[in-house]
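# Architecture and fold: a report
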Amino acid sequence: MKTILKTEITVKDICVGFVYNELEGKGLFGLNGKLTIQPEYQRNYIYAEGDGKREMAVIESILKEYPLGLIYFNKVSNEKLEVLDGQQRITSIGRFVNDKFAIKDKNGMEQYFSGMAEDNQAKIWKTKLLIYECKGGESEIKEWFETINIAGVPLTSQELLNAIYSGSFVTLGKEEFSNSQNSNIQKWSAYIKGSANRQDYLECALDWASKGNIGGYMSSHRYDKNITELKTHFNSVIDWISSVFVDVESEMCGLEWGRLYEKYHNKSYNPAKISIEVQKLYGDSYVKNRKGVFEYILGGFVDTKLLNVRVFEESIKKSTYKKQTIQTEKKEISNCPYCAIGHEVNKNKIWKFDEMDADHVTAWSKGGKTIAKNCEMLCKTHNRAKGNR
Ligand SMILES: [Zn+2]
């Protein structure tokens, strides 16, 4: 099966020679007779009559410049195409420009195509559709049609965005970030997951520069003649990572470096000292999440939750609870050591096991181990107040 992505076909092209079967509620032909909207094997497709909301939504999407999604054509011959997926959208468009239904304007008034302002009409005519033209045998096409309907489109989100916002900016972006011959790729691959040809580096660069709003960024830069800002920002992040963390660890790959850069790049770090800290944490068997090591260090060794430090085993908690409770019951004070020394109503309260949590007497970050000797049970309130130190 061969597929080609077409991005230059407009609504106007599609609607030339649009034929609509009023009785069956079906769009039949378009593209000057070249396109069959309802191919034989899709006879069971019934355009939901009275489903006006969906029809209107298609037109409103065009006017708001929202993507309409991919449309699939089957190329039967040079002069014959069939719609594999997208009948409903195409039929809606064809019906609208032929005044078969109206949309509602801002004031809730019905508006037919022929009554629209010329610039809005032009906008609709000029709208380009994203069309995949496929060529293959009938059984192959059928099978494939089922697959796309079940599993969705075989495009990554960035590939789709590249198609939607095609233009000089995407072209330049791809030259830099989607070129597997670019000698920087090896360096980038230490920090970014994926591959150049599936657009993962471009996606990452855009994500970092746009602070997560890739579509908006691509839309506003679509016709730019350079990608200087994108490149500069990307390189700043990469340079920052490699200057702060001199050793490359496999867990660094795929971290949210864009976010970390925004948060921490104005702080100063001592790379030699950081290198030692990374190795120390990597060697600590209590650190269960090595991916969290880098943010933990950048944040000043405070948020141990990032490291998912090993917690006390249930048996240690139970024996500690038992010991603590027997001792304090005799003294008629609370089995939570913090409640016991307070002046609150809970001064004498004996908490149940499930009302308490285990805490490190000497904090893990200060070298305290996760062993029975270093375990104490606190009521949940005091455990939370003491924090995850
Ligand atoms: Zn307490």
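Please refer to the structure placed before this passage.
First, a word on scope: everything that follows refers to the structure included in this document. (Residues numbered from 1 in each chain as written. Predicted model: local features only at pLDDT ≥ 70, side-chain atom pairs only at ≥ 80, totals over all residues. Heavy atoms only, no water.)

Turning next to the overall build of the chain. Counting secondary structure elements, the chain contains 17 helices and eleven strands. Each of the 389 residues in the chain was classed as buried or not, and the buried ones make up 43%. Accessible area of the chain: about 21600 Å², with a carbon and sulfur share of 50%. (Helix = DSSP H or I, 4+ residues; strand = E, 2+ residues; numbered from the N terminus. Buried < 20%, exposed > 50% of the residue type's maximum accessible area, 1.4 Å probe, protein only. Areas by Shrake-Rupley, 256 points an atom, 1.4 Å probe, with all protein chains shown as cover.)

The volume enclosed by the largest pocket comes to roughly 680 Å³. Around the largest pocket sit 24 residues that line it, and Glu 65, Thr 127, Lys 128, Ile 164 and Arg 222 are the ones nearest its centre. Every element with two or more residues in the lining of the largest pocket is listed here: helix 2 (52-63), helix 4 (118-126) and helix 6 (157-164). Here the element with the most residues in the lining of the largest pocket is helix 4; it accounts for four residues. (1 Å grid on protein atoms, 1.4 Å probe; cavity = no way out; pocket = protein on both sides within 12 Å on 5 of 7 lines; lining within 4 Å. Points joined across faces, edges and corners; volume = space filled by probe spheres on them.)

Attention now goes to the coordination of the zinc ion. Those donors, Cys 336 (SG), Cys 339 (SG), Cys 379 (SG) and His 382 (ND1), are the protein atoms that reach the zinc ion, and they lie 2.0 to 2.3 Å from it. What the four donor atoms of the zinc ion show is an angle range of 100 to 114° at the metal, which sorts the shape as tetrahedral. Along the chain, the residues donating to the zinc ion fall in the pattern C-x2-C-x39-C-x2-H. One end of the pair, Cys 336, is in the loop between helix 15 (314-331) and helix 16 (337-340); the other, Cys 379, is in strand 11 (residues 375-379), and 43 residues separate them in sequence. Across the pair, exposure class does not vary: Cys 336 and Cys 379 are buried alike. (Donors = N, O, S within 2.8 Å, 3.2 Å for Na, K, Ca; no water. Tetrahedral: all angles 85-135°; square planar, octahedral: opposite > 155°, others 65-115°.)

We now examine the packing of helix 2 against helix 3 (residues 87-97). The geometry of a pair of packed helices is captured by two quantities: the angle between their axes and the separation between those axes. Remark: helix 2 packs on helix 3, axes separated minimally by 9 Å, with the N-to-C direction vectors making an angle of 80°. It follows that helix 2 is roughly perpendicular to helix 3 by the angle criterion. Contacts from Arg 54, Glu 55, Val 58, Ile 59 and Ile 62 of helix 2 reach helix 3 at Gln 88, Arg 89, Ser 92, Ile 93, Arg 95 and Phe 96. Each residue belonging to the contact of helix 2 with helix 3 can be placed in one class, and the counts come to five nonpolar, two polar and four charged. (Axes fitted to C-alpha atoms, helices over the stretch in contact; angles between N-to-C directions. Parallel < 35°, antiparallel > 145°, perpendicular 65-115°, else oblique. Contact = heavy atoms within 4.5 Å. Nonpolar A, V, L, I, M, F, W, Y, C, P; charged D, E, K, R; others polar.)

Evaluation of the coordinates by the stated rule reveals one cavity of 30 Å³ or more. The calculated volume of the largest cavity comes to roughly 40 Å³. Taken together, Val 244, Phe 245, Val 246, Asp 247, Glu 249, Ile 274, Ser 275, Val 278 and Phe 294 make up the full set of residues lining the largest cavity. When residues in the lining of the largest cavity are grouped by element, the largest group, three residues, is from helix 13 (residues 271-282).

Generally speaking, a soluble globular protein has its nonpolar side chains buried in company with each other. Among the nonpolar cores identified, the biggest contains 50 residues, and Leu 230, Phe 245 and Trp 257 are the most heavily contacted of them. Secondary-structure elements contributing two or more residues to this core are helix 7 (168-177), helix 8 (185-188), helix 9 (200-210), helix 10 (214-221), helix 11 (228-244), helix 12 (257-264), helix 13 and helix 14 (293-298). Residue contacts for Trp 257: discarding those within four places in its chain leaves Tyr 191, Trp 208, Val 237, Trp 240, Ile 241, Phe 245, Met 252 and Phe 294. Membership of the second largest hydrophobic core comes to 29 residues, among which are Leu 31, Leu 35, Ile 71 and Ile 90. (Core = buried A, V, L, I, M, F, W, Y, C linked by side-chain atoms within 4.5 Å.)

Before going further, it helps to examine the packing of aromatic side chains. The final tally for this structure, using the stated rule, is 20 aromatic pairs. Ring centres 5.5 Å apart and planes at 80° place the aromatic pair Tyr 321 and Phe 353 in the edge-to-face group. You can see Tyr 321 sitting in helix 15 and its partner Phe 353 sitting in the loop between helix 16 and strand 10 (356-360), a full 32 residues away along the chain. When its relative accessible area of 22% is taken as the criterion, Phe 353 is described as partly exposed. Clustering of aromatic rings is evident, with ring pairs tying together Tyr 191, Trp 240, Phe 245, Trp 257, Tyr 261, Tyr 282 and Phe 294. When the ring centre of Trp 125 is taken as reference, the NZ or CZ atom of Lys 12 above it lies at 5.2 Å. Across from the ring centre of Trp 351, 4.8 Å away, lies the NZ or CZ of Lys 349, which sits over that ring. (Phe/Tyr/Trp six-rings, centres within 6.5 Å; stacked < 30°, edge-to-face > 60°. Lys NZ or Arg CZ within 6 Å of the ring centre and 35° of its normal.)

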